[in-house]
Amino acid sequence: MKQKLESLLLLAVNTLKEEAILASDLSPKISIERARDQQYGDFATNLAMMLAKPAKMNPRQLAEKLIAAIPSDDAVLKVEIAGPGFINFFIDPNAQYQIISHIHEQGAKYGLSDFGQGKKVQVEFVSANPTGPLHVGHGRGAAYGSAVADLLSAVGFEVEREYYVNDAGRQMDILATSIWLRYLEECGEVFTFPINGYKGDYIREIAVAIHKESSNEYRHPQELVFEDIHLDEPQGGDKELHIDGLIDRAKTLLGKTLYRDIFQSGLDDILSDIRQDLSEFGVDYQQWFSERQLMDDGSIDEALKRLRDAGHIYEKEGALWFASSELGDEKDRVVVRDNGQSTYFASDIAYHMNKLDRGFDQIINIWGADHHGYVPRVRAAMQALGADDKKLTVLLVQFAVLYRGEERVQMSTRSGSFVTLRQLRQETGADAARFFYVMRKSEQHMDFDLKLATSKTNENPVFYVQYAHARICSVLRQLDEKSLQRDSALGHENLAMLTESQEVALLSRLARYPEILERAATHYEPHQLINYLRELAAEFHSYYNAHQFIIEDAKLCNARLNLICAVKQVLSNGLKLLKISTPETM
RNA sequence: GCGCUUGUAGCUCAGCUGGAUAGAGCAUCGGCCUUCUAAGCCGAGGGUCACAGGUUCGACUCCUGUCAAGCGCACCA
């Protein structure tokens, strides 16, 4: 419909050009909007106001001439000038009714499009370090990332969802060492657990499992373990030196193979937990990409070689530096430390090189907002690798600040004191959790009140939308109970009887769904879909309270049933896209 | 100090590429169940869109500055 109006307006503009009212070199961008209010018709354009200046005319006068030049069309009932010079279009309701049969024909496919033309898009999200279970902070990234991916795929992009597994580096060594120490405690060794170790219960569980399987294979007396280790912080030492000493001790006492065993069982255990957690949350990945693989298969060396060949690498103070400041970063970055170890950033360069090599048209990284300072250096790396950094989109998700009522909840993975995503799901249900996370713009700071979200009663808008769906199902059940049959053909013939204000509003709302999907997808804003569903539900509830559907007049009854079935279909399509359930009773 | 993000009703937030009288939910107040689920509906009150300039026919929206909040400025990941 929008396109139709656009072409009509274009014809009008051309006519005015021929009449020399408008300069012939003028090629205005015609924009058609949905009218905000029914009194302004269905669609509106600001074209006259845009052209007023170049045409040196009063906008309203120009609007009159434009309207006169618009060819008549069956679908357009009338065209009006309003306000400072808006041109409002009133669409023939008969044209609007078609949307209902269209929705019934399309069913679950209604709203999907091939807008993306099969372009390959990779969405990488969550990618939390596998050092512990996901907490509620990761939940937002998970819900947002998967919603963005699902939206893109709904509008015709070929989407690959990926989790980057940081299975290398110091944090993982701390994890392995923490597990080993807990294991030693299981064996009966007595010592003070390092302040910088991971203290969560899950560490002990992993240790217990290892102990059960292998008994004392990894055991060493604590005197040997702690001999000559730098003191921990409470003893007046340095917690970082203390833990690093213990890591080295674990590696030497255990040897490469046994240390790797512990490391690996910790990683496997936690990663499979994360995988299951996400899957239960409706988040599934096509790819789990290992950082260690990049190190092992020489990708990092290859990436650094490419940077060096392109002249972006130099040596200083025993370390290798990437000259990222020449490419928009605020300073240069170390890629290989003076001890010969490559940095996390070096892995990331290799990782993005790998992404580029896989031939994606678009790479989307979803990061926590605390990583925003990291964006320029990754862009710099992409440019240095000879790639177009426009292929990269980084979407930042602000942290959800947790409250329990008025009180702010402090969280730390290290100390093991945090609310896990799993706990949240169990308390609120996955539906409410997803809805809540995605309801807000991603870059908006978000207060997540656990008390509110876990209070299962009212207040949670997810119920509002689901309730609309359940109500429609209930109406259809009533038909059965009254031994009535829905006659959709009869309804179809009588759609023109739908003239109540709520009915007209619903028709226009239903027709908007595909536009909303496209906009939500291309702007990476799933909350727009949520808002749409809330509005659709609100209009339905309003309709429900104002009018009866199951009535004596079979024609009107079936017309209304066709309408609410279309509403049910769209609610269902939208909720399913967001991986939120569509209950038939509540 | 520099950078990124944010600032809209008492609270939590929407506001589509700049458009017509800035909207919802919660909270407050008043109505609606002998009729398809009251987890609902109808109505009322509540706003200097942080502040000050600028661009524009038109600014919550774009630009500049100020103020405030969060985050980031490692040879950590």
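Residues numbered from 1 in each chain as written. Chains lettered and ligands numbered in written order. Predicted model: local features only at pLDDT ≥ 70, side-chain atom pairs only at ≥ 80, totals over all residues. Heavy atoms only, no water.

A. Geometry of the overall build of chain A. When helices and strands are tallied, chain A shows 21 helices and 15 strands. When its C-alpha atoms are laid out on the principal axes, chain A stretches across 95 × 65 × 40 Å. Burial statistics for chain A: of 586 residues in total, 52% are counted as buried. Across chain A, the fraction of contacts at a sequence separation of at least 24, relative to all contacts at a separation of at least 6, is 73%. With the model as given, the accessible surface of chain A reaches about 27300 Å², and the carbon-plus-sulfur share is 46%. (Helix = DSSP H or I, 4+ residues; strand = E, 2+ residues; numbered from the N terminus. Buried < 20%, exposed > 50% of the residue type's maximum accessible area, 1.4 Å probe, protein only. Contact = heavy atoms within 4.5 Å. Areas by Shrake-Rupley, 256 points an atom, 1.4 Å probe, with all protein chains shown as cover.)

B. Looking closely at the protein's contact with RNA strand B. Near RNA strand B you find 62 residues, and of these Phe86, Tyr467, Ser474, Arg519 and His547 are the closest. In this structure, glutamate 330 approaches RNA strand B through a side-chain N or O atom, which is 2.8 Å from a sugar or linking oxygen. At 2.9 Å, a backbone N or O of lysine 441 approaches a phosphate oxygen of RNA strand B. Only helix H2 (47-55), strand E4 (86-91), strand E15 (446-449), helix H17 (461-481), helix H19 (501-522) and helix H20 (526-546) provide two or more residues apiece to the surface near RNA strand B. Ranked by the residues each element gives to the surface near RNA strand B, the list is headed by H17, at 9 residues. A per-class count over the surface near RNA strand B returns 21 nonpolar, 21 polar and 20 charged. (Near = heavy atom within 4 Å. Polar contact = N/O pair within 3.5 Å; in protein donor to acceptor, adjacent residues only side chain to side chain. Nonpolar A, V, L, I, M, F, W, Y, C, P; charged D, E, K, R; others polar.)

C. Layout of the sheet that holds strand E7 (residues 287-290). Within the open sheet, the 5 strands sit side by side as E7-E6-E5-E11-E12. Their pairing is parallel. The sheet is open, and its two edges are formed by E7 and strand E12 (392-397), each paired on a single side. Averaged over all pairs of adjacent strands, the angle between their axes in this sheet comes to 25 degrees, without regard to strand direction. Inspection of the sheet shows strand E5 (residues 120-124) paired to strand E11 (residues 362-368) by 4 bridges, in the parallel sense. (Pairing = 2+ DSSP bridges. Axes fitted to C-alpha atoms, helices over the stretch in contact; angles between N-to-C directions.)

D. Fine view of unusual backbone geometry. Not every positive phi belongs to a glycine, and valine 126 is a case in point at roughly 70 degrees. Its place among the elements puts valine 126 in the loop between E5 and helix H5 (136-154). The backbone of glutamate 317 shows a phi angle near 50 degrees, a positive value even though the residue is not glycine. By the secondary structure assignment, glutamate 317 is in the loop between strand E8 (313-316) and strand E9 (319-322).

E. Region of the structure containing the nonpolar core. The biggest cluster of nonpolar side chains holds 123 residues, and the ones touching the most others in it are Leu152, Tyr163, Trp180, Leu278 and Tyr437. Counting residues per element, this core draws most heavily on helix H9 (residues 239-280), at 13 residues. Aside from chain neighbours lying at most four places away, what touches leucine 278 is Val126, Leu134, Ala142, Tyr163, Val283, Tyr285 and Trp288. One finds Tyr164, Trp367, Val378 and Ala381 within the second-largest nonpolar core, a separate group that totals 33 residues. (Core = buried A, V, L, I, M, F, W, Y, C linked by side-chain atoms within 4.5 Å.)

F. Up close: the packing of aromatic side chains. With the rule as written, the count across this model stands at 23 aromatic pairs. Between tyrosine 164 and tyrosine 351 the ring centres are 3.9 Å apart and the planes differ by 10 degrees, which places this aromatic pair in the stacked class. Residue tyrosine 164 is located in strand E6 (residues 158-165), and its partner tyrosine 351 is located in helix H12 (residues 344-357); the two are separated by 187 residues in the primary sequence. For the ring pair phenylalanine 289 and tyrosine 351, a centre distance of 5.0 Å and an interplane angle of 40 degrees mean the geometry is tilted. You can see phenylalanine 289 sitting in strand E7 and its partner tyrosine 351 sitting in helix H12, a full 62 residues away along the chain. Neither residue differs from the other here; phenylalanine 289 and tyrosine 351 are each classed as buried. Among the aromatic residues, those joined into a ring-pair cluster are Phe322, Tyr344, Phe345, Trp367 and Tyr374. (Phe/Tyr/Trp six-rings, centres within 6.5 Å; stacked < 30°, edge-to-face > 60°.)

G. Layout of the pairing of E5. Within E5, 4 of the 5 residues are buried, leaving the element largely enclosed by the surrounding structure. Where E5 meets E6, 5 bridges bridge the pair, whose relative direction is parallel. Within E6, the position partnered with lysine 120 by the bridge is glutamate 158. Considered for its hand, the β-α-β crossover made up of E5, H5 and E6 is right-handed. (Right-handed = clockwise from strand over helix to strand, strands pointing away.)

H. Structural context of the pattern of salt bridges. Evaluation of the coordinates by the stated rule reveals 24 salt bridges. Here glutamate 185 makes a salt bridge to arginine 182, at a shortest N to O gap of 3.0 Å. Of this pair, glutamate 185 and arginine 182 both sit in helix H6 (residues 170-187), 3 residues apart, roughly one helical turn. Across the pair, exposure class does not vary: glutamate 185 and arginine 182 are buried alike. In this structure, the salt-bridge partner of arginine 333 is glutamate 330, at a minimum N-O distance of 4.0 Å. Given the relative accessible area of 68%, glutamate 330 is considered exposed. Counted as one network, the salt bridges with shared partners bring together Asp150, Arg161 and Lys579. (Salt bridge = Lys/Arg side-chain N within 4 Å of Asp/Glu carboxyl O.)

I. Representation of a negative patch on the surface. Where like charges cluster on the molecular surface, the negative patch consists of Asp201, Glu205, Asp268 and Asp269. When residues of the negative patch are traced back to their parent elements, those giving at least two are helix H7 (201-214) and H9. As for its position among the elements, aspartate 268 is in helix H9. (Patch = residues over 30% accessible without salt bridge, like charges linked within 9 Å, V, L, I, M, F, W, Y side chains within 5 Å. Lys, Arg positive; Asp, Glu negative; His and termini not counted. Charge placed at Lys NZ, Arg CZ, Asp CG, Glu CD.)

J. Representation of the side chain of threonine 393. Turning to its location among the elements, threonine 393 is positioned in strand E12. Under the relative-accessibility criterion, threonine 393 is labelled buried at 16%. Of the polar contacts made by the side chain of threonine 393, one reaches the side chain of glutamine 362; its length is 2.5 Å.

K. Expanded view of the confidence of the model for chain A. Residue-level pLDDT values for chain A average 89, and 95% of them are 70 or greater. Averaged pLDDT values over the elements of chain A bottom out at 65 in helix H16 (residues 450-454) and peak at 97 in E6. This complex was scored by the predictor with a pTM of 0.92 and an ipTM of 0.94. (pLDDT = per-residue confidence, 0-100.)

L. Just the sheet that holds E8, in detail. Strand order in the open sheet formed by 3 strands is E8-E9-E10, and the pairing between neighbours is antiparallel. Where the open sheet ends on each side, the last strands, each with one partner, are E8 and strand E10 (333-336). The mean angle between the axes of side-by-side strands here comes to 45 degrees, regardless of whether they run parallel or antiparallel. By the bridge criterion, 4 bridges tie E8 to E9 in an arrangement that is antiparallel. Bridging across to E9, glutamate 315 finds its partner in leucine 320. Seen against the sheet, helix H11 (residues 299-309) touches E8, E9 and E10 and runs at an angle of roughly 95 degrees to E8.

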